[in-house]
Amino acid sequence: MRIAVFTTCLADALYPAVARATVTLLERLGHQAVVPADQTCCGQMHLNTGYWARGLPVVRHHVETFEAALDSCDAVVAPSGSCVGSVRHQHAMVAARYDDDALAERATAVAGRTYELSELLVDVLGVTDVGAWFGHPVTYYPTCHSLRMLRVGDKPVRLLRAVQDIDLIELPGADSCCGFGGTFALKNEATSSAMLTDKVAAVTSTGAQVCSAGDSSCLMHIGGGLSRLRTGIGTLHLAQILASTREHPCPVPEPRRPARRRPSLPGAAR
Amino acid sequence: MTRPMTRTVDLGMPTATGFLRGEQKFPAAAADRLTDAQLRRNLAHATGTIRTKRLRAVAELDDWEELRLAGSAIKTDAMARLPELLEQLEATVTARGGVVHWARDGVEANRIITDLIRATGADEVVKVKSMATQEIGLNEHLETEGIRAIETDLAELIVQLGNDRPSHILVPAIHRNRTEIRDIFRTAMPGAPADLGDEPRELAMAARSYLRERFLTARVAVSGANFAAADTGTLAVVESEGNGRMCLTLPRTLITVMGIEKVLPSFTDLEVFLQLLPRSSTAERMNPYTSLWTGVTPGDGPQEFHLVLLDNGRTRVLADEVGRAALHCIRCSACLNVCPVYERVGGHAYGSVYPGPIGAILSPQLTGITGPDDPNASLPYASTLCGACFDACPVRIDIPSILVELRADAVEAGHRPLPGGQDVAMAAAAWAMTDGRRWGRLIALGRLLSWRRTGFRRLPWPASIWTRHRDLPPLPARTFRQQWRDRLRRTGSGS
Ligand code: SF4
């Protein structure tokens, strides 16, 4: 299969390893990964903050880019539940709000062939054992949009269970939100960090060395908390664990070195 | 634009009055509540318990999803022909000996109710738990008119005696634990034993003996309504304690205040809602007390029945094609119980008597938003859009989508949701994100910061809002698109 990779803006800019892992994984499974050069972002940040008029051209750009890619590809995949959620549930809605029925229709068509990573692997490619190896204790956070918008169910966990030598530990209260919520993390920072604290406590209680998820944005938030509290627990995207093999193992992320000069208490860095 | 900006244009529709708006914006009010460790423990315990129970109650029915669809369809239909159904309800209630009153807002409703009570000569009324009367501040109004309103729902009584405000639509005293309740009873409940303990049974017995006397002497009761069937004129109240039943049957005069959205086309529609509501609210298969009454029955129950139909902003909500789904709410409170934000900050942070996810979409629509400084303008942002509310809602109100729509309305009306500079940032981002090359150049700027291999603990404003609570990972030396370009050059293949 020829599969267009929507890397997502966050992975492109901050987590290139996640986009790389997605490509590696697809190629290892015998597929051809195509990365449309003109891609940018799904527009989720604009839309969820209420900037629909600003988001509309971003949506249009996404639709045009991947519509063109789909001319020569069978499907689009993104390593993010929330970005695929936006493509599937918001793009046509935004176009409709601005009476652009043609765009709405095209958006629906692109959305119909866009999959979150675990969906693509399990539903489209029909694999759960992707031939991965990862020999460390991992806990998996299913993320809200994957769970409730896309309804990916236990697909990610099934994929992880098939990873050789993995020690998969169940996360208590897994389905409750980590408190990221895009601009919520800034606009309602106190509530967001209260939610983060509970998520970090849950992750820590598992004794896992790595917290994984299918969305880099949630992981940036949770990882930021894990690092701030010096838990020594790192984060890895689902794609990174699935791309890991005995020959090319994905290293466990190293905890940040302690601060040299100005030690500060959690949350006190104002 | 497909939709008119109903929230900023005055269409001459009734505006809401009453307790629908707080004084503080949500982020500040929430931050205050978060420091109350007792409150957080009480809430986490209470919502955690009811969540598990609800899931169990819902899992028992294999047609739960069909029931939800039916509930949603009936409500959608009712809202589509609300005027017609209300007129039908007026006719059926009147035919059975009731009197129907129409109130444009809370002020008008309070006046109507006061006059009705005055006409009976009573200066004390017993009350059935009702959100509508909380919304319009009826008790407070009656007090200024010299009429004592006594709440008979146990939790509502706790709130009233504690001079407090409800923080949950079903369990208004959810923010209190039993020791706090014992203290409130000891100080404020006439006749409470001085050595009252904090065992639930003891507390309930004390309330019972206090209320018994009120039931037997009251001449007037005021209630809300969960449902009204337009075809028969039947009103319905569901409850757990039986105190509502006392109020609905003992006094001579019954005054029911009902939001106009509570009307259902047909009596048989109750089949759906009497399954959806108890399982979603108290996680029971059936609520212990379901009271149905139709007008007046000579020699049995109240001999005088008044129905006050309350608008108070509801037609304003109805005018919004998307937002009107908020009127489908049957006040089960499931969305509050599953909400991770509500669970941590509690109901008071929302300002309005309607807290939690439903409050975040209902309150600002009922009141309208006066401008960016309106505390209710902050409510649509009081959510991570995690979707737990939509999943739990028995009538399938897509609360996350409505929240996002309300945010879009606010931005279009010129209100700026985030601290200054956001407009510029959003415009710049949109500019970069509509062109792959521009975007690539912009994010490659990150290389300037990528010398630092350890990530970031402190960044200047506005990034400081992030780094106050979380570290930021080190920036990659090369963006993915740069790496991909390198690879294409190396391998000589293109795509
Ligand atoms: S919005 Fe839905 S879940 Fe929330 S109180 Fe209303 S009916 Fe219940």
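Residues numbered from 1 in each chain as written. Chains lettered and ligands numbered in written order. Predicted model: local features only at pLDDT ≥ 70, side-chain atom pairs only at ≥ 80, totals over all residues. Heavy atoms only, no water.

- With an unreviewed UniProt entry as reference, chain A is termed (Fe-S)-binding protein, source organism Nakamurella leprariae.

Section: the domain arrangement of chain B
Working step 1: Splitting chain B by domain gives domain 1 (1-417) and domain 2 (423-491).
Working step 2: Each of domain 1 of chain B and domain 2 of chain B has a C-alpha centre, and the two are 47 Å apart. (Domains from an automatic or database assignment.)

As for the site of the ligand
Working step 1: Lining the immediate environment of the ligand, one finds 13 residues, of which Cys329, Cys332, Ser333, Cys335 and Cys393 of chain B sit closest.
Working step 2: Of the residues assigned to the shell around the ligand, the class counts are 11 nonpolar, one polar and one charged. (Near = heavy atom within 4 Å. Nonpolar A, V, L, I, M, F, W, Y, C, P; charged D, E, K, R; others polar.)

Here's the deal with the domain arrangement of chain A
All names here are of chain A.
Working step 1: Here chain A is partitioned into domain 1 (2-124) and domain 2 (137-243).
Working step 2: Averaged C-alpha coordinates put domain 1 and domain 2 at centres separated by 22 Å.
Working step 3: Interface area for domain 1 against domain 2, summed over the two sides, is near 2,000 Å², with a carbon-plus-sulfur share of 65%.
Working step 4: Summed over the three residues of domain 1 that lose the most area to domain 2, namely Val18, Ser118 and Val122, the buried surface amounts to 19% of that side.
Working step 5: Summed over the shared surface of domain 1 and domain 2, the result is one salt bridge.
Working step 6: A salt bridge links Lys155 to Asp123; the nearest nitrogen and oxygen atoms lie 2.8 Å apart. (Buried area = accessible area lost by both parts, 1.4 Å probe. Salt bridge = Lys/Arg side-chain N within 4 Å of Asp/Glu carboxyl O.)

Here's the deal with the packing of aromatic side chains
Any pair of aromatic rings gets described here by the distance separating the centres and the angle formed by the planes.
Working step 1: The full count for this structure, using the stated rule, is seven aromatic pairs over all chains.
Working step 2: Aromatic side chains Phe180 of chain A and Trp466 of chain B sit 6.0 Å apart centroid to centroid with 80° between the ring planes, which places their arrangement in the edge-to-face category. A residue pair is termed interchain when its members come from two chains, as with Phe180 of chain A in the loop between β6 (167-169) and α11 (184-187) and Trp466 of chain B in helix α21 (residues 464-467).
Working step 3: By relative accessible area, Trp466 of chain B is classed as buried at 9%.
Working step 4: Note on Phe26 of chain B and Tyr350 of chain B: the rings are 4.8 Å apart at their centroids and 55° apart in plane angle, and the pair reads as tilted. One end of the pair, Phe26 of chain B, is in helix α1 (residues 26-34); the other, Tyr350 of chain B, is in the loop between α15 (340-345) and α16 (356-367), and 324 residues separate them in sequence. Exposure class is identical for Phe26 of chain B and Tyr350 of chain B. Each is buried.
Working step 5: Site record: aromatic cluster; members linked through ring pairs are Phe26, Tyr342 and Tyr350 of chain B.
Working step 6: Against the face of Phe273 of chain B rests Lys75 of chain B, its NZ or CZ located 5.6 Å from the ring centre.
Working step 7: A cation sits over an aromatic face here: Arg438 of chain B above Trp431 of chain B, 4.3 Å from the ring centre. (Phe/Tyr/Trp six-rings, centres within 6.5 Å; stacked < 30°, edge-to-face > 60°. Helix = DSSP H or I, 4+ residues; strand = E, 2+ residues; numbered from the N terminus. Buried < 20%, exposed > 50% of the residue type's maximum accessible area, 1.4 Å probe, protein only. Lys NZ or Arg CZ within 6 Å of the ring centre and 35° of its normal.)

Describing the packing of helix α3 (residues 64-80) of chain B against helix α12 (residues 270-281) of chain B
All names here are of chain B.
Working step 1: Taken N-terminus to C-terminus, the directions of α3 and α12 make an angle of 115°; their axes are 10 Å apart at the nearest point. As for how α3 packs across α12, the hand of that crossing is left-handed. For the pair α3 and α12, the contacting residues are Trp64, Leu67, Arg68, Ala70, Gly71, Ile74 and Lys75 in the first and Val272, Phe273, Gln275, Leu276, Arg279 and Ser280 in the second.
Working step 2: For the contact of α3 with α12, a count of residues per class yields seven nonpolar, three polar and three charged. (Axes fitted to C-alpha atoms, helices over the stretch in contact; angles between N-to-C directions. Left-handed = near helix turned anticlockwise from the far one by under 90°. Contact = heavy atoms within 4.5 Å.)

Digging into the UniProt feature "domain: Cysteine-rich" (unreviewed entry) in chain A
All names here are of chain A.
Working step 1: When the UniProt feature table is mapped to this numbering, "domain: Cysteine-rich" (unreviewed entry) covers residues 3-86 and 138-222.
Working step 2: Taken end to end, residues 3-86 is 58% helix and 12% strand, and its two terminal C-alpha atoms sit 19 Å from one another.
Working step 3: Summarising residues 138-222: 48% helix, 13% strand, and an end-to-end C-alpha distance of 14 Å. (UniProt positions renumbered as here; feature names shortened; annotations may be inferred.)

Focus: the side chain of Thr22 of chain A
Residues and elements named next belong to chain A.
Working step 1: When you line up the elements, Thr22 lands in helix α2 (residues 16-28).
Working step 2: For Thr22, a relative accessible area of 0% puts it in the buried group.
Working step 3: Thr22 has contacts with Val5, Val77, Pro79, Leu117 and Ala239, leaving out every residue within four places of it along the chain.

Some remarks on the pairing of strand β2 (residues 124-127) of chain B
Residue and element names in this part refer to chain B.
Working step 1: Summarising the sheet, β2 and strand β3 (residues 148-151) pair through four bridges and their orientation is parallel. Bridging from a neighbouring strand, Lys127 pairs with Glu151 of β3.
Working step 2: Two strands pair when backbone bridges link them, and β2 and strand β4 (residues 220-223) are joined in this way by three bridges, in the parallel orientation. Its bridge partner being in β4, Val126 is matched across the sheet by Ala221. (Pairing = 2+ DSSP bridges.)

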